[in-house]
Amino acid sequence: MSAFLDLIRDRSLLCDGAMGTMLQEAGVAAGICPELLNVQDPDTIRSIHRAYIEAGADIIETNTFGGNAAKLSSYGIEDRTEELNRAAVRLALEAAGGRALVGGSIGPTGRFVAPVGDMTFDEAVGIFSRQAAAIAEAGAHLILLETFTDIKEIRAAVIAVRSVTDIPILALMSFEPSGQTLLGSSPEAAAVTLEAAGADAVGSNCGLGPDGVLEVLRRMSSVTHLPLVAMPNAGMPRLVGDRTVFPASPAQMTEHIPEFLGIGTAVIGGCCGTTPDHITAMRHTLDASGKRSDRILTDPGATRLSSRGSVLFVGGASPIRVVGERLNPTGRKALAQSVRDGKFDPYREEAARQVQAGAQMLDVNVGVPGIDEERAMVEAVLAVQQAVAVPMSVDSPRPEVIEAGLKAADGKVLINSVTGEKESMEKVLPLAKRYGAAVLGLTLDNSGIPPTAEGRLAVARRILDAARRAGIPDQDLLIDCLTLSAGAEQERVVQTLKALSMVRSELKLNTVLGVSNVSFGLPTRHYLNAAFLAMAAGSGLSAAIVNPLDEISMGILASARVILNQDRQASGYIALYSGTVEKKKTASAAEVGEEEALGLAVVEGHPERARELAQDLLSKGTDPMAIGESILIPAMSEVGERFARNDYFLPQVMMSARAMKAAFEPVREAMKGMDVPSRGRILMATVEGDIHDIGKNIVITLLENHGYEVVDLGKNIPADEIAREAGKGQVDAVGLSALMTTTMVRMKEAVEAIRETGLTVPVVVGGAAVTRDYAAEIGAQGYARDATEAVDVFSRLIAKGN
């Protein structure tokens, strides 16, 4: 066992505070690559480490937060990745002198993984594995993945680290005040996904103060066994003179420590704004607060699956779940043709219909002969994730197709499937372990499906033994005892039910069944399906793969939950059948007019359909200006409203933006030669010293889709250049972005430089650490907390100026 894991068995550990805050205190100029200081000014870094150790930190973090090749490339020094990370670890080890553990800090790349961004999953894994290998080889005791907002990126980071080292991984995400990350992950989904991927501890840092991080960890604590980590900011930043300060005092940072211990937090530290003074006070409180409390996991016997934003418990003490079966082209000519054509809007629509009908999980299959099945699986997974928020099952007999789906997935999925054949277990089970997936085991082997329940139990036991050897927890293996047709093998159907019961009672495993096979080849199939489903429910079925549009099957499941005491007070049943639940229906393009259908295509994020509908409207003589002003822009406004209500998150917003862009392509072509007035010209820039431009780029995408002309200066732009370009460009407004607290002060310089040129155009500011009060302090006319609000703010200010 590692020193870290050994220590946290007996007590909670104290991590250090902010590196960036201390570099600012030391007078390091903004805009310098912090990781270069590991070789250019090692004494400063060493002294910061020693200050935290003297304050009582049990863990100090290396100065490598931005030390991945993607971030270092902004300074043209990506070829020094190994050198700078190794130097940082050596400095920390020297400063620690055996008095503290050294944690290698790894932050995000500054890019989004596809489809939100342009970085592939494999590219992200390569970037993180390179940095992690250098940190581990230099002797770090553990690795901290910090300040991630994209579950797919941090999942890639965990997988990357685990591929090069076995030292402990602490995986931390940053959450918004809404309780979700920027890209829409809930604390519960993050914890389940990261535990499955191989993290040794999970938690939250940055973004929130102690009270906010406490609530995040409280939610995580119900769904994971892993140790929890809390590293909050010292409040939200303010500008005092030319310095960024955080308001929470050392005493205020200690107030929630007893509550953190009360939910079982194993590591407590600080992020932005915390200093050795804060850590000293936290040390005293931690020592005086006693041991942390034990935690009780909700339904420990259940299989926990996740999507980007939700968690589903299957089996254990949880109710029977519904797995939608209709995303399978086998026997469905229209769906198969859409897969051949590379069009996956039907998958989005079918996914939405099934979830609205009650499916809690969806099985995704793209098995069409003669296609690139790996590419099709990626497209199908992305389409389904965009349409619905439920977990999924990646369904294919080919391991390479399964792996493609696992890379595309946002959460912890179910692999469908592995068999008792040696080759299948050797190929599929390592995929489940590497990518953090649960796996569905089919009770068949080289000899086929055993005719007896005892034979199927033996196959299930063999799969269980192999899964354990692969390091897969028992709860992450579900068994399908295989449904046979009552028309062809009637005597074997009852063996399926008997095997179900034996797997649950003897192996203590959760179970799944594809139900509709029982009626294959027989008339009036739904009666047989319903009868078999009811009997399977009584035999220990955990989840049924069914057609959720079949009201009889759904009624049987709802009734079974009542009879098996899984639906307390029959509340779910009553809600379904007393008229208190309004069943929503997704409108299709065929059911509404073409104009409304185009708006829906944008709102729901369907680029292919949006382009086709726009072309159809143009071919029928619709004014292209009217398409933009009356359909597309109102549709994006609806997207903005959903984002503001937390009904949509950044992935949905970006997909809607792409649909808007696709629709605008034929509209823009049709407007060539027309006198089309611009809604305004806006200059955008990330201020000097800041190499982060994700947020700015998202704002630019939405502004362009709303008809604005944007001049993008890029990132790390000096104040005088921003002012000069604003004057030359005859712009109607200026937008400034800064992510880091150390570069916020550059916004003030930029605003002052613009005013010194005599320009009176409005300036709008935004960024993770920027606040409305700060915007007012520096003389900016507008503040936007996110991209959709930025569009509204620019629109209002430009209209006011005109």
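Let me sum up the structure you'll find in this document. (Residues numbered from 1 in each chain as written. Predicted model: local features only at pLDDT ≥ 70, side-chain atom pairs only at ≥ 80, totals over all residues. Heavy atoms only, no water.)

**As for the side chain of His606**
Definition in use: Numbering goes from the N terminus for both helices and strands, where a helix is a DSSP run of H or I of at least four residues and a strand is a run of E of at least two. Remark: exposure states derive from per-residue accessible area (1.4 Å probe, protein chains only) relative to the maximum for the residue type, with buried under 20%, exposed over 50%, and partly exposed in between. Residues adjacent in sequence count toward polar contacts only when both atoms are side-chain atoms; beyond that, a polar contact is any pair of N or O atoms within 3.5 Å, and within protein one must be able to donate a hydrogen and the other to accept it. What makes two residues a contact is simply this: any of their non-hydrogen atoms within 4.5 Å.
As for its position among the elements, His606 is in the loop between helix H24 (594-603) and helix H25 (607-619). Residue classification places His606 among the buried residues on the basis of a relative accessible area of 3%. At 3.4 Å, the side chain of His606 forms a polar contact with the side chain of Glu604. Excluding residues that lie within four positions of it along the chain, His606 makes contacts with Asp345, Arg348, Gln386, Ala601 and Ala659.

**Quick word on the packing of aromatic side chains**
Rules: A pair of aromatic rings is counted whenever rings of Phe, Tyr or Trp (Trp by its six-membered ring) have centres within 6.5 Å, and the orientation is called stacked for planes under 30 degrees apart, edge-to-face for over 60 and tilted otherwise. By definition, being over a ring means that NZ of Lys or CZ of Arg is both within 6 Å of the ring centre and within 35 degrees of the ring normal.
Enumeration over the complete set of coordinates arrives at four aromatic pairs. With 5.7 Å between their ring centres and 55° between their planes, Phe128 and Phe148 make a pair best called tilted. Of the two residues, Phe128 is situated in helix H7 (residues 121-137) and Phe148 in strand E4 (residues 142-148); the sequence distance between them amounts to 20 residues. For Phe148, a relative accessible area of 0% gives the class buried. The ring of Tyr435 has Arg434 lying over it, and the distance from NZ or CZ to the ring centre is 5.3 Å.

**Looking at the environment of Glu777**
Note that Glu777 resides in helix H31 (residues 772-777). Judged by its relative accessible area of 43%, Glu777 is partly exposed. Separated by 337 residues in the primary sequence, Glu777 and Leu440 have C-alpha atoms spaced 58 Å apart.

**Structural notes on the sheet that holds strand E25 (residues 782-783)**
One key point about sheets: their strands pair by backbone hydrogen bonds, in either a parallel or an antiparallel sense. The condition is simple: Two strands are said to pair when DSSP picks up at least two bridges between them.
Across the sheet, which stays open at both edges, the five strands sit in the order E22-E21-E23-E24-E25 with parallel pairing between neighbours. Two strands in the sheet have a free side with no partner beyond their single neighbour: strand E22 (709-712) and E25.

**Remarks on helix H16 (residues 373-387)**
Here is the rule we go by: Expected span of a helix: the number of residues minus one, times 1.5 Å.
Across its 15 residues, H16 extends 21 Å between first and last C-alpha, which sits within 8% of the 21 Å expected from 1.5 Å per residue. Buried residues of H16: Glu373, Ala376, Met377, Ala380, Val381, Ala383, Val384, Gln385 and Gln386, and no others.

**Some thoughts on the nonpolar core**
Rule in force here: Side-chain atoms within 4.5 Å link the members of a nonpolar core, which is a set of buried Ala, Val, Leu, Ile, Met, Phe, Trp, Tyr and Cys residues.
Core analysis: the biggest nonpolar cluster contains 156 residues, and Leu145, Leu194, Tyr347 and Ile415 have the highest contact counts within it. If we ignore the near neighbours within four places in the chain, the residues touching Leu145 are Ile106, Ile154, Ala157, Val158, Val161, Ile169, Leu170, Ala171 and Leu172. Judged by nonpolar contacts, the second largest core, of 51 residues, contains Ala614, Val667, Met684 and Ala787.

**Overview of the packing of helix H29 (residues 719-728) against helix H30 (residues 745-756)**
We count it as follows: Every axis corresponds to a line fitted to the C-alpha atoms, with the helix fit spanning only the stretch in contact, and the corresponding angles, defined between N-to-C directions, vary from 0 to 180 degrees. By the definition adopted for this analysis, an angle is roughly parallel if under 35 degrees, roughly antiparallel if over 145, roughly perpendicular if from 65 to 115, and oblique otherwise. For any helix crossing, the convention is left-handed if the near helix is rotated counterclockwise from the far helix by under a right angle, and right-handed if that rotation is clockwise. Charged residues are taken to be Asp, Glu, Lys and Arg, nonpolar residues to be Ala, Val, Leu, Ile, Met, Phe, Trp, Tyr, Cys and Pro, and polar residues to be all remaining types, Gly included.
At a closest axis distance of 8 Å, the pairing of H29 and H30 adopts a crossing angle of 40°. Judged on the interaxial angle alone, H30 and H29 are oblique. Handedness of the H29/H30 crossing: right-handed. Where H29 approaches H30, its residues Ala719, Ile722 and Ala723 are matched on the opposing element by Glu749, Ala750, Ala753 and Ile754. Class assignment for the residues of the contact of H29 with H30 results in six nonpolar, no polar and one charged.

**Let's talk about helix H28 (residues 694-705)**
Over its twelve residues, H28 runs 17 Å from end to end, which matches the ideal 16 Å to within 8%, given 1.5 Å per residue. Lys696, Ile698, Val699, Ile700, Leu702, Leu703 and Asn705 are the residues of H28 that are buried. On its buried side, H28 packs onto helix H26 (624-644), helix H27 (650-670), strand E21 (681-686), E22, strand E23 (733-737) and helix H32 (787-801). Phi turns positive, to about 95°, at Gly707, one or two residues after H28.

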